[in-house]
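Architecture at a glance
Here is how the chains run, residue by residue.
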Amino acid sequence: MQLNSNQIQQIIPHRYPFLLIDRVVDMEPGQWGKGIKCVTANEMQFLGHFPQEHVMPGVLIVESMAQLGAVVMLSLEENRGKIAYFGGIKNARFKEKVCPGDVLELEVQIVKSRGPVGIGEGVAKVNGKIVAKAEMTFAIGANTEK
């Protein structure tokens, strides 16, 4: 299953400047997903991080993995119209800088899910090399559709 940015915005509430995934390239709802984030110098964070050497903040790399995880979970029929909240981040590791021009290759595997709470393991790569990874806890909130 593939999703473009318009389809992603039908699933999660994130919008510019905080939508941090550009495409879902493959996914099994509720199980796993693969996506991409194209990093560009036109992004707001590079005004201050850092003006002399643009480096994507690690927290935004983790957020991009979390947004992919949210798409994976909120694509389940029983979760449509709901929202996913961060519950925690464990074992985050950052191995390489991510700079404008890089394409983040994102992978998230849902390793545990019980009721509205779950855990996802995320990996971000650039050119096939791991740049970051983290374990993310999430909670599915109430239906946001009226």
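Residues numbered from 1 in each chain as written. Predicted model: local features only at pLDDT ≥ 70, side-chain atom pairs only at ≥ 80, totals over all residues. Heavy atoms only, no water.

**What about the overall build of the protein chain?**
The criterion, for reference: Per the convention used, a helix needs a DSSP run of H or I reaching at least four residues, while a strand needs a run of E reaching at least two, with both numbered from the N terminus. As defined in this context, the radius of gyration uses C-alpha atoms, and a globule is described by 2.2 Å times the residue total to the power 0.38. Three exposure classes are used, based on accessible area relative to the maximum for each residue type with a 1.4 Å probe and protein chains only: buried under 20%, partly exposed in between, and exposed over 50%. Contacts were defined at the residue level, with two residues in contact if any of their heavy atoms lie within 4.5 Å. Per-residue and other accessible areas follow the Shrake-Rupley method at a 1.4 Å probe size, with only the shown protein chains counted as cover for residues.
Secondary structure assignment for the protein chain yields 2 helices and 6 strands. In the protein chain, the order of α-helices and β-strands from amino to carboxyl end is α-β-β-α-β-β-β-β. Its C-alpha atoms give the protein chain a radius of gyration of 15 Å, near enough to 15 Å, the size a compact globule of 146 residues would have. The dimensions of the protein chain, computed from C-alpha atoms along their principal axes, are 45 × 30 × 25 Å. Across the 146 residues of the protein chain, 40% fall into the buried class. Partitioning the contacts of the protein chain with sequence separation of at least 6, the portion at a separation of at least 24 is 60%. Per element, the accessible surface of the protein chain, about 8,000 Å² overall, is 51% carbon and sulfur.

**A look at the sheet that holds strand β5 (residues 117–126)**
Pairing between the strands of a sheet is mediated by backbone hydrogen bonds and can be parallel or antiparallel. Keep this limit in mind: The pairing criterion is simple: DSSP has to find at least two bridges between the two strands. Note on geometry: axes are C-alpha line fits, over the in-contact stretch for helices, and angles between N-to-C directions span 0 to 180 degrees.
In spatial order, the strands read β1-β2-β4-β5-β6-β3; together these 6 strands make up an open sheet with antiparallel pairing. Each edge of the open sheet is held by one strand with a lone partner, namely β1 (23–28) and β3 (82–94). For this sheet, the mean inter-axis angle between neighbouring strands, taken without regard to orientation, is 20 degrees.

**Notes on the pattern of salt bridges**
Note the cut-off: Salt bridges are defined by distance alone: a side-chain nitrogen of Lys or Arg within 4 Å of a carboxyl oxygen of Asp or Glu.
For the structure on display, the rule yields 6 salt bridges. Of the charged contacts in the structure, one is a salt bridge between glutamate 77 and arginine 80, with a shortest N-O distance of 3.1 Å. A residue is classified by how much of its surface remains accessible, and arginine 80, at 38% relative accessible area, is partly exposed. Taking the shortest distance from any N to any O, the salt bridge between glutamate 135 and lysine 90 comes out at 3.9 Å.

Function-wise, these values are silent; they only describe arrangement.
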